[in-house]
Amino acid sequence: MSDPKSIRNFCIIAHIDHGKSTLADRMLEATATLTSKQMRAQVLDSMELEQERGITIKAHAITMDYIAEDKQKYILNLVDTPGHVDFSYEVSRSLAAAEGALLVIDAAQGVEAQTLANLYLAVDADLEIIPVINKIDLPSAQVDKVTQQIVDLIGCDEEEILKVSAKEGVGIDALLEAIVHKVPPPKGDPDALPRALIFDSMYDNYKGAIAYIRVVDGTFKPDMEILFYQTDKRYLVEELGVLRLEKLPRKQLGVGEVGYLVTGCKEIRDTRVGDTVMAFRKGAGNMPTPLPGYKEPKSMVFSGMFPADHEQYENLRDALDRLALNDASLRYDAESSTALGFGFRCGFLGLLHMEIIQERLEREFDLNLVSTVPSVRFKVVHTDGKEEWLSNPVDFPDPGMIDHIEEPIVRGQVITPDEYVGPVMKLARERRGQFVSQEYIETTRVNLTYDFPLAEVVFDFYDRLKSQTRGYASFDYEFVRYEPAQLSRLDILINGDPVDALSMIVHEDKAYEWGRKVVDKLKDLIPRQMFEVAIQAAVNTRVIARSTVKALRKNVTAKCYGGDITRKRKLLEKQKEGKKRMKRLGSVEVPQEAFLAVLKVDS
Ligand code: GTP
């Protein structure tokens, strides 16, 4: 067991791509936590998708031994955090397990929206902040300018700001020394009844649910009886230990230590993130008090996921069960659609989360999926006063029964060079944004605060913002309230039949514009068939837009005159392949892309 005085628990917070994972790699190397054989770029991003997309999705933890300049040995526990706005709840859970945070800022980019959002979270959690400017090796690095931004932001002295290049390994020793000297050692009572915070959990096929814990008081040992406080489940500790690249079993875990706990518990839902695990003692008054937990992750975006092939329904269910074991924020319930058959209504943290889950389902479980237009969750107040949540357009009540509908509003921060303030404001107006404030971060960069309907920002707002500002603006948001809005259901009819999977809930001012764009987009996507196909958009059964796909006899081999049979066969194969990705709606074949295309009508 380590002496708490020698333990430093810290995390790294940064805007996406500012170099958090690369910096973590360098620290692992410098502390010889990994042999060169184990070392591969961004070891903490272990999920295949994370590596491919270069983003960190789940928080991970790792322990390093460090002999400091004072010749003392220190235990550094790094809890890695994700940088994308969808995963901000993962950030807050890492913060709760640490006493200090490295605030990493890219020398060429400066302070960005998620730098601010994460910094506020860290300050709220009372962490010691160590400011770090990364990528000083870049020719475009503006170290002095970024130094000034940081001084203005957190009010530190210039000398306190560390300057590093994670890529080239410059300044890493100074960084490790700063962690040792500035991050306070964990406080806690070694003689008190043991209690620990669960900051993450995962499922292992052999060991069952594994809780990642940060011990606050007392000592945990194997065979001890423990209680998961919120779920009120009791278990015996089967194994515990520390987190190197692998899990290393130990005989005990004491105050301030970060490690893992195996209890034979088979349900990951019992090892709830944010819960307190404590020693169990019979009798009232003998138990420690639980630690303050943190907010449960909330689904913000909902979408139906359907197997393209009906026979894959069971496989999809099993795959979702498996993914949910390790992703407590994924929600799903069975649903059925006349257009798409049986599937699941899923809740996600945001659009990136949704894309990642969909990609993992298709890739890791070999499924072919069709997903419906994503929706946020609305609150419907009926004329009789009854309230109801609505996240599936299919459940939209009869307009005569509705008193009003409320939609989720988020507070968004856009940080942009001031030359783009005009275009950003225009975009914000288009997205029904309500202006809150504008302030300069430095002479040429502005922080604009707007309240937006979540539905207006969650889909393609970020892409639009990037293209309007040539990639310079950054964006972050948090949920603030529900507000009444004029909303209706927009239906899409193909040859007169409404396609439930294409319905969406839209603001009345935008219904016409959306209807027009969607039917035009579908017209391009639905291939010509043997008969004419009418595509209509309707609100409350009133048709507001229409377009037509002309009839055509489609035979791809018609253009291959003459003899080459292999070429003909190839074309027919290709046509067949294309058919597989089609959905038959009534008598019309619709390509799968059509179901997501409605999202991309603006591009
Ligand atoms: P997320 O995990 O997605 O939040 O990103 P991150 O903050 O972990 O960033 P990551 O470490 O993946 O680095 C982003 C990019 O910046 C990668 O292409 C790195 O190679 C590069 N990078 C990181 N540090 C440095 C540096 O010191 N100098 C230079 N030139 N590039 C760097």
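Before reading further, recall that the structure is shown in the block above.
Since the model is a prediction, treat every value here as computed from it, not as a measurement.

**Q** Summarise a negative patch on the surface; cite the residues concerned and give the values.
**A** A contiguous patch of negative charge, built from Asp144, Asp157, Glu158 and Glu159, is present on the exposed surface. As for its position among the elements, Asp157 is in the loop between helix H5 (143-154) and strand S6 (162-163).

**Q** Quick rundown of the pairing of strand S1 (residues 7-14)? Include the residues and the values.
**A** Burial within S1 is extensive, with 8 of its 8 residues counted as buried. Of the two faces of S1, the one holding Ile7, Asn9, Cys11 and Ile13 and the one holding Arg8, Phe10, Ile12 and Ala14 are both buried throughout. The sheet contact formed by S1 and strand S3 (residues 73-79) spans 5 bridges and is parallel. When the bridges of S3 are listed, Arg8 appears paired with Leu76. Across 5 bridges, the pairing between S1 and strand S4 (residues 100-106) is parallel. Following the sheet pairing, Ala14 is matched in S4 by Val104.

**Q** Account for the pattern of salt bridges, with residues named and values stated.
**A** Per the stated rule, a full pass over the model turns up 25 salt bridges. A salt bridge links Lys182 to Glu160; the shortest N-O distance between them is 3.5 Å. Here Lys182, found in helix H6 (residues 172-182), pairs with Glu160, found in the loop between H5 and S6; they are 22 residues apart in sequence, far enough to count as distant. With relative accessibility at 25%, the residue Lys182 sits in the partly exposed group. The class of Glu160 is partly exposed, set by a relative accessible area of 31%. We note a salt bridge from Asp270 to Lys233, for which the minimum N-O separation is 3.3 Å. With a gap of 37 residues between them, Asp270 in the loop between strand S13 (258-262) and strand S14 (276-279) and Lys233 in strand S10 (residues 233-236) connect regions that are remote in the sequence.

**Q** Give a description of the sheet that holds S4 that names residues and reports values.
**A** Judged by pairing direction, the sheet is mixed, and its 6 strands sit side by side in the order S2-S3-S1-S4-S5-S6 without closing on themselves. With partners counted over all chains shown, the strands left at the sheet margins are strand S2 (61-67) and S6, one partner each. One ladder, built from 2 bridges, connects strand S5 (residues 128-134) with S6; its direction is parallel. Bridging from a neighbouring strand, Ile133 pairs with Lys163 of S6. Where H6 meets the sheet, its contacts fall on S1, S2, S3, S4, S5 and S6, and the angle it forms with S5 comes to roughly 170°.

**Q** I'd like a rundown of the packing of aromatic side chains, residues and numbers included.
**A** Counted according to the given criterion, the structure contains 13 aromatic pairs. A ring pair is formed by Phe435 and Tyr450, whose centres lie 5.5 Å apart and whose planes are at 80°; its orientation type is edge-to-face. Remark: Tyr450 occurs in strand S23 (residues 445-453) and Phe435 occurs in strand S22 (residues 434-442); sequence separation between them is 15 residues. Owing to a relative accessible area of 44%, Phe435 belongs among the partly exposed residues under this scheme. For Tyr450, a relative accessible area of 5% corresponds to the buried category.

**Q** Could you give an account of the environment of Thr449, naming the residues involved and the relevant values?
**A** Along the polypeptide, Thr449 turns up in strand S23. Each C-alpha atom of the pair Thr449 and Phe435 lies 6.5 Å from the other, and the pair is 14 residues apart in sequence. Discounting chain neighbours no more than four positions away, the residues touching Thr449 are Arg411, Gly412, Gln413, Gln434, Phe435, Val436 and Ser437. Within the structure, Thr449 has its side chain in polar contact with the side chain of Gln413 (distance 3.3 Å).

**Q** Would you mind going over the sheet that holds strand S15 (residues 301-307) in detail, with residue names and values included?
**A** On the basis of which strands lie adjacent, the open sheet formed by 4 strands has the order S16-S17-S15-S18 and antiparallel pairing. Only two strands of the sheet have a single neighbouring strand rather than two, namely strand S16 (331-337) and strand S18 (369-371). Adjacent strand axes in the sheet meet at a mean angle of 30°, parallel and antiparallel pairs treated alike. Here helix H8 (residues 351-364) sits on the sheet and contacts S15, strand S17 (341-348) and S18; the angle it forms with S15, its principal contact strand, is near 15°.

**Q** Please provide a residue-by-residue account of the pairing of S4, values included.
**A** Counting buried residues in S4 gives 7 out of 7 residues, a clear majority hidden from the surface. Residue alternation in S4 divides its side chains into two sets, Gly100, Leu102, Val104 and Asp106 and Ala101, Leu103 and Ile105, and both sets are buried. Where S4 meets S5, 7 bridges bridge the pair, whose relative direction is parallel. Its bridge partner being in S5, Asp106 is matched across the sheet by Asn134. You can see the chain leave S4, run along helix H4 (residues 113-124) and come back into S5, and the turn it takes is right-handed.

Definitions and cut-offs
- Residues numbered from 1 in each chain as written.
- Predicted model: local features only at pLDDT ≥ 70, side-chain atom pairs only at ≥ 80, totals over all residues.
- Heavy atoms only, no water.
- Patch = residues over 30% accessible without salt bridge, like charges linked within 9 Å, V, L, I, M, F, W, Y side chains within 5 Å.
- Areas by Shrake-Rupley, 256 points an atom, 1.4 Å probe, with all protein chains shown as cover.
- Salt bridge = Lys/Arg side-chain N within 4 Å of Asp/Glu carboxyl O.
- Lys, Arg positive; Asp, Glu negative; His and termini not counted.
- Charge placed at Lys NZ, Arg CZ, Asp CG, Glu CD.
- Helix = DSSP H or I, 4+ residues; strand = E, 2+ residues; numbered from the N terminus.
- Buried < 20%, exposed > 50% of the residue type's maximum accessible area, 1.4 Å probe, protein only.
- Pairing = 2+ DSSP bridges.
- Contact = heavy atoms within 4.5 Å.
- Axes fitted to C-alpha atoms, helices over the stretch in contact; angles between N-to-C directions.
- Phe/Tyr/Trp six-rings, centres within 6.5 Å; stacked < 30°, edge-to-face > 60°.
- Polar contact = N/O pair within 3.5 Å; in protein donor to acceptor, adjacent residues only side chain to side chain.
- Right-handed = clockwise from strand over helix to strand, strands pointing away.

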